[in-house]
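Here are the chains, one letter per residue:
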Amino acid sequence: MSGPSLPSPNLIHVDTRGAVILDEESPETRDSRGIYLPNYIEPVSHIAVDVGGSLAKVVYFTRSIEPPSSPSLVATRGTSPSPEIPTPPDSPNRHSPTSSAIKRNGALTPLVLEHSVNDTLLSGAINGLPDESSLIRESMLRRASQNIPGGSLNFERFETDNIDECVQFIQALIQRSAQINQVSIEEMRRGVKIMATGGGAHKFYELFQETLSVDVQREDEMECLIEGLKFITLIPDEAYYFSDLLIQSTVSGAALTQVPSVPTLSTNGTSMERPSPNPPSYEVTFLSNPTPQLPCLLVNIGSGVSIIRVDEDGSFERVSGTSIGGGTLWGLLSILTPATSFDEMLAFSEQGDNANVDMLVGDIYGQDYNRLGLKSTTIASSFGKVFKKGGEKTKFSMEDISKSLLYAVSNNIGQIAYMNAEKYNLDRIYFGGCFIRGHAATIATLSYAIRFWSKGTKKALFLRHEGFLGSIGAWIKNLHSNDEQGT
């Protein structure tokens, strides 16, 4: 007799009521902190992996032995007074756990605890079991203790060049989960499934399957991105944008602080400064009461860039893209600087001055070009000062090079994003992908480019887990795969 029919994965939703984002441990984990879901009660044993050209992103759900009694309040307020750090304001009286505390205590739920008995037996038949059914009784009691509200969605990332580290991490997670749940490693593996997406889902398929001895299922990359976007934007204070409230402006390189009581925006763009590596700063606003934000444009910046139009019904089409993305920046800075990681490259850029590398309008005209509204500090040519005909080669600092290249890549992506949003008449532009990494300068550059070119009619939105959309989508799409296996 066949088991009961189950809803398709697209109809299954995670209970996000009360969801909060846990504390970050360091700047390197600002885009990978866990999300605590206090009302999600279903056991989950699958692991989602999105393997791109540069990074492999892992998402998995753990039910904690000691769920946080006071979930982090870091994501429970709506507006940040500072545009420099895209994080909602902290509470001075808060004592909340970090993501690592949840990960150390958490475990996947093995299949035996999900399907050894049905819910009817669990509710009324435990005490009536004969002595010879002690094994079933033990499994049922363990399941009852596990099936408590609350658990954490966890995020990890690894360099694709070191994919073995990713595999070893998953292997250790499975082994730890078997120990915590007091089941054999064989039993644990039977319940675990790897949901793989991205190009590496094909390239490393056999590596995952043979090394981990678990089932591996491949998912379409674009579908996972959209599913991930639809889910993550339901988390309070996950998405944020720059409001119209101007906090700091720059005039000829000098910073001027001003906070007007009534924000104004020119309709023809003449009163706005042109995009630059140091754009005016606006107040950061978080969406504390999120609602569906479709239709929209999703600009996913990974090694390359994919630009996807998402319609109101969730259907989508990849409408554009560019090969100049995070991999370009990472690759060129690997050649031009001694940096060995993307975070180190971003740190260099924060200390640099692009004017030492880029050719500015002032270098050509000796002053502003007022007729075209070009200030002397406007970049005329990225890296334009590097080549000097007939002259000796000048040594440029790695910080200045990093700043110039980061801006060149970011502004190019911003312009392409705006043109596609204009073409398809879309007002909301979400930026995702591990290129952003919560980096304030990158976010400000992309946001201001959209504000300037659209004359304030379009909004750039950012996500605190921007690099995990694909792996989140793979996780969401297959929430009940284990249930189907057990029926």
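Reading the values: rules and limits
- Residues numbered from 1 in each chain as written.
- Predicted model: local features only at pLDDT ≥ 70, side-chain atom pairs only at ≥ 80, totals over all residues.
- Heavy atoms only, no water.
- Helix = DSSP H or I, 4+ residues; strand = E, 2+ residues; numbered from the N terminus.
- Buried < 20%, exposed > 50% of the residue type's maximum accessible area, 1.4 Å probe, protein only.
- Contact = heavy atoms within 4.5 Å.
- Areas by Shrake-Rupley, 256 points an atom, 1.4 Å probe, with all protein chains shown as cover.
- Salt bridge = Lys/Arg side-chain N within 4 Å of Asp/Glu carboxyl O.
- Phe/Tyr/Trp six-rings, centres within 6.5 Å; stacked < 30°, edge-to-face > 60°.
- Lys NZ or Arg CZ within 6 Å of the ring centre and 35° of its normal.
- Axes fitted to C-alpha atoms, helices over the stretch in contact; angles between N-to-C directions.
- Parallel < 35°, antiparallel > 145°, perpendicular 65-115°, else oblique.
- Left-handed = near helix turned anticlockwise from the far one by under 90°.
- Nonpolar A, V, L, I, M, F, W, Y, C, P; charged D, E, K, R; others polar.
- Pairing = 2+ DSSP bridges.
- pLDDT = per-residue confidence, 0-100.
- Arc of directions from axis to C-beta.
- Core = buried A, V, L, I, M, F, W, Y, C linked by side-chain atoms within 4.5 Å.

1. A word on the overall build of the chain
So, step 1. If you tally the helices and strands in the chain, you get 16 helices and 19 strands.
So, step 2. Counting the 487 residues in the chain, one finds 52% classified as buried.
So, step 3. In the chain, 74% of the contacts between residues at least 6 apart in sequence involve partners at least 24 apart.
So, step 4. As displayed, the chain offers around 21,900 Å² of accessible surface, 49% of which is attributable to carbon and sulfur atoms.

2. Some points on the environment of Leu 245
So, step 1. Here Leu 245 shows up in strand β10 (residues 239-251).
So, step 2. In sequence terms Leu 245 and Ser 281 are 36 residues apart; their C-alpha atoms lie 8.7 Å from each other.

3. Quick look at the pattern of salt bridges
So, step 1. Inspection of the entire model under this criterion finds 13 salt bridges.
So, step 2. Two residues, Lys 230 and Glu 227, come together in a salt bridge whose shortest N-O distance is 3.2 Å. With Lys 230 and Glu 227 both in helix α9 (residues 221-232) and three residues apart, this pair spans about one turn of that helix.
So, step 3. Residue classification places Lys 230 among the partly exposed residues on the basis of a relative accessible area of 30%.
So, step 4. Residues Arg 437 and Asp 343 are paired through a salt bridge, measuring 2.7 Å at the closest nitrogen-oxygen approach. With Arg 437 in the loop between β18 (428-432) and α14 (440-453) and Asp 343 in helix α11 (residues 342-350), this pair connects stretches of sequence that are 94 residues apart.
So, step 5. One network of salt bridges, with partners in common, ties together Glu 219, Glu 223 and Lys 477.

4. Concerning the environment of Val 305
So, step 1. With respect to the element layout, Val 305 can be found in strand β14 (residues 305-310).
So, step 2. You can call Val 305 buried: its relative accessible area is 4%.
So, step 3. Sequence separation of Val 305 and Ile 413 is 108 residues, and the distance between their C-alpha atoms is 8.0 Å.
So, step 4. Non-local contacts of Val 305, meaning those with residues more than four positions away in its chain, are made with Val 299, Asn 300, Arg 318, Ser 320, Gly 321, Thr 322, Ile 324, Gly 325 and Ile 413.

5. Side note on the packing of aromatic side chains
So, step 1. As enumerated under the stated definition, the model contains 13 aromatic pairs in all.
So, step 2. Geometrically, the ring pair formed by Tyr 40 and Phe 61 is edge-to-face, given 5.4 Å between the ring centres and 90 degrees between the ring planes. Taken together, the residues span a long stretch of sequence, with Tyr 40 in the loop between β2 (35-37) and β3 (47-51) and Phe 61 in strand β4 (residues 55-64) at a distance of 21 residues.
So, step 3. Each member of the aromatic cluster is reached from another via a ring pair, and the members are Tyr 240, Phe 286, Phe 431 and Phe 462.
So, step 4. We note Arg 218 situated over the ring of Tyr 205; from NZ or CZ to the ring centre the distance is 3.9 Å.
So, step 5. In this structure, Lys 459 packs its charged tip against the face of Tyr 241, placed 4.0 Å from the ring centre.

6. Some thoughts on the packing of helix α10 (residues 326-336) against helix α13 (residues 398-423)
Packed helices, taken two at a time, are described by the angle their axes make and the gap between the axes.
So, step 1. Interaxial distance between α10 and α13 falls to 11 Å at its minimum, and their mutual angle equals 165 degrees. In terms of orientation, α10 and α13 fall into the roughly antiparallel class. The handedness of the crossing between α10 and α13 comes out as right-handed. Counted together, Leu 329, Leu 332, Leu 333 and Leu 336 of α10 and Ile 401, Ser 402, Leu 405, Leu 406 and Val 409 of α13 form the full contact between these two elements.
So, step 2. Of the residues in the contact of α10 with α13, the class split is eight nonpolar, one polar and no charged.

7. Describing the pairing of strand β7 (residues 151-159)
So, step 1. Within β7, eight of the nine residues are buried, which leaves it mostly tucked inside the rest of the structure.
So, step 2. Sheet topology note: the β2/β7 ladder contains three bridges and is antiparallel. Looking at β7, one finds that Tyr 36 is bridged to Ser 152.

8. Structural notes on the packing of α9 against helix α15 (residues 469-477)
So, step 1. Contact pair α9 / α15: the axes reach a minimum separation of 6 Å and the direction vectors enclose 85 degrees. When the interaxial angle is binned, α9 and α15 end up roughly perpendicular. Judged by residue contacts, Glu 223, Cys 224, Leu 225, Glu 227, Gly 228, Leu 229, Phe 231 and Ile 232 of α9 engage Leu 469, Gly 470, Ile 472, Gly 473, Ala 474, Ile 476 and Lys 477 from α15.

9. What to know about the confidence of the model for the chain
So, step 1. In this model, the chain carries an average pLDDT of 76, and 69% of its residues clear a pLDDT of 70 or more.
So, step 2. Within the chain, strand β5 (residues 79-80) has the poorest average pLDDT of any element, 34, and β14 the best, 96.
So, step 3. Counted against residues more than four places away or in other chains, residues 112-133, with its pLDDT under 50, gives 38 contacts.
So, step 4. Contacts of residues 480-487 to residues separated by more than four positions or lying in other chains number 17 contacts, the stretch itself having pLDDT below 50.

10. Quick look at α10
So, step 1. Those residues of α10 that fall on the buried side of the exposure criterion are Gly 326, Leu 329, Trp 330 and Leu 333. Down the axis of α10, the buried set is contained in an arc of 95 degrees. They therefore lie on one face.

11. Notes on the nonpolar core
So, step 1. Within the largest apolar cluster, 43 residues are counted, with the highest numbers of intra-cluster contacts made by Val 299, Ile 301, Ile 413, Phe 431, Phe 435 and Phe 462.
So, step 2. At nine residues, the largest contribution of residues to this core is made by α13.
So, step 3. Discounting chain neighbours no more than four positions away, the residues touching Val 299 are Val 305, Ser 306, Ile 307, Ile 413, Ala 417, Ile 429, Tyr 430, Phe 431 and Gly 432.
So, step 4. One finds Leu 153, Cys 224, Leu 469 and Ile 476 within the second-largest nonpolar core, a separate group that totals 36 residues.

12. What about the pairing of strand β15 (residues 316-322)?
So, step 1. The pairing of β14 with β15 spans six bridges and is antiparallel. When the sheet's bridge partners are listed, Val 305 is paired in β15 with Thr 322.
So, step 2. Turn length for the β14-β15 hairpin, with the two strands adjacent in sequence and antiparallel, is five residues, and the turn residue Gly 314 shows positive phi of about 95 degrees.

13. Brief notes about unusual backbone geometry
So, step 1. In this chain, Leu 294 is followed by Pro 295 through a cis amide linkage whose omega measures 5 degrees.
So, step 2. Its location among the elements puts Pro 295 in the loop between β12 (281-286) and β13 (296-301).
So, step 3. Even without a glycine there, the phi angle at Asn 425 is positive, about 55 degrees.
So, step 4. With respect to the element layout, Asn 425 can be found in the loop between α13 and β18.
So, step 5. Residue Lys 455 is not a glycine yet carries a positive backbone phi of 55 degrees.
So, step 6. Along the chain, the position of Lys 455 falls in the loop between α14 and β19 (459-463).

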